[in-house]
Each structure stands twice: as C-alpha cells, then as structure tokens.
Amino acid sequence: MTAHDCCADPKQKLLSVAAGRQRIMDAVPVLTATEQLHLKSAPGRVLATPVVAPVDVPPFDNSAMDGYAVRSADCNAPGTTQLAVTGASFAGAPFDGAVAEGQCVRIMTGAVMPDGADAVLMQEHVERDGDNISFSKTGISAGMNVRYAGEDTRRGDTVLDAGTRLSAAGIGLLASVGVSEVSVTRRLRVAFFSTGDELTGVGATLAPGQIYDSNRYALHGMLSNPAIECYDLGVIPDQREAVRDAFRQAADMADLILTSGGVSVGEADYVTETLGELGEINFWRMAMKPGKPLAFGKLDKAVFFGLPGNPVSAMVTFYQFVLPAIRKICGETPREPLLIQVRCAEDLKKAPGRMEFQRGILHTNSEGEMVVSTTGLQGSHVMHSMSRANCFIHLPAECAGVAAGEQVDVQPFQDLY
Ligand code: AMP
Ligand code: MG
C-alpha cells in the first residue's frame with residue numbers, strides 16, 4: 001500500500017463499495033493465536049479447530065412420546081388388541097428386561113427402548129385397565145415414535161467447523177455431545193478514539209460551538225462483542241502531535257485501530273496525514289452515501305480504519321467495511337451480507353452516482369406482507385435515522401430513486417453482529 005494510492009484527489013473517480021470491501025478483505029490478516037475456553041465462556045467466540053462428536057446423540061434408542069413400548073408385529077390385528085404391561089421405562093431409569101410376545105412396557109419420552117420392543121404407541125391411543133392395555137389402532141410400524149441412537153449426531157462426525165462463531169444453539173450442540181472445552185481464536189484487541197476540537201464528553205456541559213462525542217459511544221456499542229477486547233482512548237484534539245501520540249499508543253496495544261473524524265481533506269484533518277507518516281495508508285473516496293471518505297491501512301502490526309466523523313457515516317462505514325474485516329481477523333468463515341428482497345412501502349429519493357445505505361424499518365403491513373419503510377430524514381448527521389431503523393436499504397449506485405411498491409434489497413440489522 002502506498003500513500004494516498006487511490007482517490008485522494010477529489011477529481012479522481014470514486015471507489016465502489018464492493019471493490020473497497022474486497023481490497024480490505026484481501027489486506028487484513030487472520031489471528032492465529034488461540035485459547036482454550038469452557039463452553040460457558042465461549043458464546044460469540046470463533047472456533048479455531050473443528051469439534052468432532054465423541055458420542056452418538058442420542059446415545060441410545062429412545063421414545064419420542066409418553067406411551068407404551070410394543071412389538072409392532074403384535075399390534076395390527078383387526079379389532080381390539082390387548083397387551084400385558086410388564087414394567088416401565090422412565091427417562092434415566094430404563095426397564096430391566098425384555099418385551100416378549102403379547103407384552104408391552106409403559107414408557108416416557110426420552111426413556112430407553114426396552115429390548116424386544118420396536119415401536120411406541122401414544123398413550124392417547126390406548127385404554128389402560130390394571131396391568132393391561134387395549135387399543136384398536138392399526139398401522140403400527142417398526143420405528144414409530146422411536147428416536148434412534150445417532151439420529152442427530154454420529155460419533156466421529158464433525159459437529160462444528162473451524163471458523164464457526166458460537167451461537168447459543170452451537171453451544172447447546174457442543175454440550176449435547178459432552179464437549180466441555182473448545183479452542184477459540186483469542187480476543188481481538190481494538191483501540192479507538194474520536195478526533196475533533198469540537199467534541200465534549202457526555203455528562204459535561206457544552207461550551208459554545210461544542211457537540212457531544214457520540215461516535216465513541218456508538219463505536220463502543222458496535223464493539224461490544226465477546227470476541228473483542230476494546231480500549232477507549234478518548235477524544236484527541238485536532239493537533240498533529242496529539243494525533244501522533246494517540247496513534248503510537250493505540251499501535252502498542254491493539255490489533256485493530258479505529259478513529260472517527262479528521263479523514264476529510266479539511267484544514268484540521270490530521271488522521272490521514274499522520275497515518276501516511278507513521279504507517280501505510282490508503283485514502284479512498286468511496287462511492288457510497290453516507291460515508292464517502294475512508295482511511296484504511298496499517299500502523300505497525302495493527303490494521304487501521306479512519307472512519308468519517310459524521311455519526312451515521314461512521315456507523316454505516318463500520319458495518320459495511322470494519323465488521324466484515326473483524327470477522328475475518330477473528331477467524332470467522334467469510335460470508336456475504338444477508339440481503340432480502342422486499343417491497344418498499346413508500347417512495348425513496350436518490351440520485352444516481354453513489355451506492356446508498358438508507359435506514360429502513362422492516363415490518364409487516366396490513367395485508368400480511370413484509371415491506372420496508374424509510375426512517376425519514378437520511379442526513380449523515382441524523383442519528384435518529386439509525387436508532388429507529390432495523391435494517392439498511394441497499395440502493396445500487398445507478399438507482400435513481402424508488403417508487404412505492406418496487407422491490408429493494410434490505411439488510412436486517414440482525415445480520416450485523
Ligand atoms: P470530520 O470528519 O472531522 O470533518 O467531521 C465531520 C462531522 O462530524 C462534523 O460535523 C463533526 O463535528 C462531526 N463529528 C466528528 N466526530 C464526531 C463525534 N465523535 N461525535 C459526533 N459528531 C462528530
Ligand atoms: Mg473533525
């Protein structure tokens with residue numbers, strides 16, 4: 001990477017979102033260090049090695065119903081069938097014996113199938129009278145209401161691949177095969193700070209010309225992730241030396257450095273310049289809205305993103321570029337963003353030229369159809385448009401506006417974790 005290798009000149013053409021994301025994904029490394037964690041500490045972490053099942057799940061043939069374990073061959077005579085109940089099999093307390101011809105065993109859901117029995121008759125289909133049952137149901141075949149050993153998972157199967165981020169279901173799956181510890185990628189260290197002389201911390205009173213530093217808090221929110229350890233370096237004033245010091249401090253502690261503000265080509269914008277001096281830098285003018293300027297590069301061993309200062313731009317840029325990079329660095333198997341096509345409930349204004357990530361609200365209309373509405377004002381400073389939204393509406397660069405009823409691509413915020 002060379003200083004200002006692309007698009008620094010405002011007259012140069014903009015870089016497309018897809019091309020920018022590709023360059024970023026090609027450039028970022030994957031963390032190789034791992035740690036061993038108990039399952040309880042592992043939700044949200046990324047598996048570093050595949051997990052192979054040491055046992056079958058279920059470990060034994062068992063009943064899917066409360067009822068009676070029977071021999072199907074005894075059951076399908078015309079008229080009423082009578083069987084003698086010779087015992088019971090409870091979950092955790094199997095029947096100690098075998099089912100012979102003309103016999104059955106009371107059985108509960110999850111209890112071991114007794115030897116000799118091959119089907120379970122639901123209790124709702126049976127009349128019980130003392131130690132006998134009678135029923136007229138026919139069509140009882142071997143395997144009915146039986147869950148076979150290994151039906152869910154076979155011993156030796158890979159249950160989860162390396163690169164899987166552990167969801168609650170993944171954790172449950174690992175527990176179901178009795179695995180208590182997993183090897184995961186170590187946590188990613190992320191240092192971040194805001195730049196700008198106008199910024200005041202929350203809780204303080206605003207002096208004239210000052211605004212609250214919202215980006216650092218939004219970043220903190222977006223970085224609240226079990227796979228990340230984050231270091232908040234505060235607000236750095238628009239001074240060359242202060243920005244330089246913050247860069248050095250961040251590079252000492254982090255694998256990934258994020259800043260907001262100071263990447264435009266304004267007079268007090270030192271982020272891009274400083275990165276060019278101390279590290280390797282790309283400065284791109286992205287063909288997107290919001291969020292045109294983006295600095296990306298390296299500072300010592302750390303990956304660096306200089307996000308734009310406008311609060312919505314900073315968030316959109318984070319979600320579209322930084323988050324996929326974080327996933328890759330943490331060892332997660334890459335995937336495309338989850339996009340769904342829905343109809344737009346109203347007109348959307350857009351000029352051709354840049355790709356837009358408008359903020360939308362996915363909801364079900366009165367006809368029961370899922371549609372998307374706009375959050376209203378779409379300015380890059382309007383945080384309301386982010387906080388009310390539950391999705392991004394992806395409008396391609398060439399799109400010249402959307403009429404109500406047209407289909408659009410929507411990325412639910414549930415995809416952004
Ligand atoms: P900049 O990218 O530094 O030129 O900033 C662009 C706009 O975003 C300006 O209106 C800044 O005041 C605003 N801005 C920059 N940083 C922050 C921040 N941390 N929180 C809220 N607004 C910010
Ligand atoms: Mg600034």
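Up top is the structure these notes are about.
Every chain is numbered independently, its residues counted from 1 as its sequence is written. In the order they appear in the text, chains get letters beginning with A and ligands get numbers beginning with 1. Per-residue local features of the predicted model are confined to residues with pLDDT of at least 70, and side-chain atom pairs are confined, for both listing and counting, to 80 or more; whole-chain, interface and lining totals are unaffected and use all residues. Hydrogens are left out, water is left out, and the side-chain values use all remaining heavy atoms of the structure.

S.K.: Would you explain helix α5 (residues 271–278) in this entry?
M.R.: Along an α-helix, a turn takes 3.6 residues, which lines up residues three or four apart on a common side. Here α5 has its buried residues at Val 271, Thr 272, Thr 274 and Leu 275. Down the axis of α5, the smallest arc covering the buried residues is 165°, so these residues share one side. Any two residues whose heavy atoms approach within 4.5 Å at even a single point are treated as in contact. Starting at the N terminus, helices and strands are each numbered in turn, a helix being any DSSP run of H or I of at least four residues and a strand any DSSP run of E of at least two. Contacts made by the buried residues of α5 are with β13 (188–195), α4 (240–253), β17 (256–260), β18 (280–285), β20 (293–299) and β21 (302–307). Per-residue accessibility, obtained with a 1.4 Å probe over protein chains only, is compared with the maximum for each type, and a residue is labelled buried under 20%, exposed over 50%, and partly exposed between these values. Working note: the arc is built from the helix axis to C-beta atom directions.

S.K.: What is the right way to read the sheet that holds strand β9 (residues 132–135) from this model?
M.R.: Where strands meet in a sheet, backbone hydrogen bonds hold them as pairs that are either parallel or antiparallel. Reading across the sheet, the six strands line up as β7-β4-β6-β5-β9-β8 and stay open at both edges, with mixed pairing between neighbours. The open sheet terminates on both sides in strands that have one partner only, identified here as β7 (119–122) and β8 (127–129). Along the sheet, successive strands turn relative to each other by an average axial angle of 40°, direction set aside. In this analysis, strands are considered paired if DSSP registers two or more bridges between them. Looking at chain direction, strand β5 (residues 81–89) and strand β6 (residues 103–107) are connected through four bridges and run parallel. If you follow Ser 89 over to β6, its bridge partner there is Ile 107. Here an angle of 0 to 180 degrees is reported between the N-to-C directions of two axes, which are lines fitted to C-alpha atoms, with helices fitted over the stretch in contact.

S.K.: Looking at this structure, how should I read the nonpolar core?
M.R.: Across soluble globular proteins, nonpolar side chains show a tendency to be buried alongside one another. Remark: nonpolar core denotes a set of buried residues (Ala, Val, Leu, Ile, Met, Phe, Trp, Tyr, Cys) joined through side-chain atoms within 4.5 Å. Ranked by size, the top nonpolar core spans 43 residues in total, and within it Leu 258, Phe 305 and Phe 318 carry the most contacts. At the level of secondary structure, the elements contributing two or more residues to this core comprise α1 (17–27), β13, α3 (215–222), β17, β20, β21, α6 (311–329) and β23 (355–364). Looking at which element gives the most residues to this core, the answer is α6, with twelve residues. If you count residues domain by domain, this core takes at least three from each of domain 1 (3–33 + 187–329) and domain 4 (340–416). Boundaries of every domain are those given by an automatic assignment or by a domain database.

S.K.: What's the story with a nonpolar patch on the surface in this structure? I'm lost.
M.R.: Two distance rules govern patches: like charges are joined within 9 Å, and nonpolar side chains (Val, Leu, Ile, Met, Phe, Trp, Tyr) within 5 Å, applied only to residues with over 30% relative accessible area and no salt bridge. The Shrake-Rupley method, run with a 1.4 Å probe sphere, supplies the accessible areas, and residue values consider only the shown protein chains as cover. Definition used for salt bridges: Asp or Glu carboxyl oxygen within 4 Å of a side-chain nitrogen of Lys or Arg. A cluster of nonpolar side chains, namely Val 202, Leu 206, Tyr 212 and Tyr 217, defines an oily patch on the protein surface of about 370 Å² accessible area. By the secondary structure assignment, Leu 206 is in the loop between β14 (199–200) and β15 (211–212).

S.K.: Mind showing me how you'd approach the packing of α4 against α5 here?
M.R.: For any two helices packed against each other, one specifies the crossing angle of their axes together with the interaxial distance. Remark: α4 packs on α5, axes separated minimally by 10 Å, with the N-to-C direction vectors making an angle of 55°. By the angle between their axes, α4 is oblique relative to α5. In the crossing of α4 with α5, the sense of the turn from one axis to the other is right-handed. Here Arg 240, Val 243, Arg 244, Phe 247 and Arg 248 of α4 lie close against α5, whose contacting residues are Val 271, Glu 273, Thr 274, Leu 275, Glu 277 and Leu 278. Oblique is the label for any angle not covered by the other classes, which are roughly parallel (under 35 degrees), roughly antiparallel (over 145) and roughly perpendicular (65 to 115). Helix crossings are classified by the rotation of the near helix relative to the far one: an anticlockwise turn of less than a right angle makes the crossing left-handed, while a clockwise turn makes it right-handed.

S.K.: Which parts of the structure should I look at to understand the packing of aromatic side chains?
M.R.: Both the distance between ring centres and the angle between the ring planes are used here to describe each pair of aromatic rings. Here a pair means two rings of Phe, Tyr or Trp (six-membered ring of Trp) with centres within 6.5 Å. Their orientation is stacked below 30 degrees between planes, edge-to-face above 60, and tilted elsewhere. In total, this model carries nine aromatic pairs according to the counting rule given. With a centroid separation of 6.0 Å and an interplanar angle of 55°, the aromatic rings of Phe 193 and Phe 247 are classed as tilted. With Phe 193 in strand β13 and Phe 247 in helix α4, this pair connects stretches of sequence that are 54 residues apart. As far as burial versus exposure is concerned, Phe 193 and Phe 247 are alike and both buried. Consider the rings of Phe 357 and Phe 392, whose centres lie 6.2 Å apart with planes at 75°: the pair is edge-to-face. Linking Phe 357 in strand β23 with Phe 392 in strand β25 (residues 391–395), this pair joins segments that are 35 residues apart in sequence. Residue classification places Phe 357 among the buried residues on the basis of a relative accessible area of 0%. Look at Phe 392 and you get buried, because its relative accessible area is 0%. Clustering of aromatic rings is evident, with ring pairs tying together Phe 318, Tyr 319, Phe 357, Phe 392 and Phe 413. As a reminder, the over-ring test applies to NZ of lysine and CZ of arginine, requiring each to be within 6 Å of the ring centre and within 35 degrees of the ring normal. Across the ring face of Tyr 417, the terminal group of Arg 327 is positioned such that the distance to the ring centre comes to 5.8 Å.

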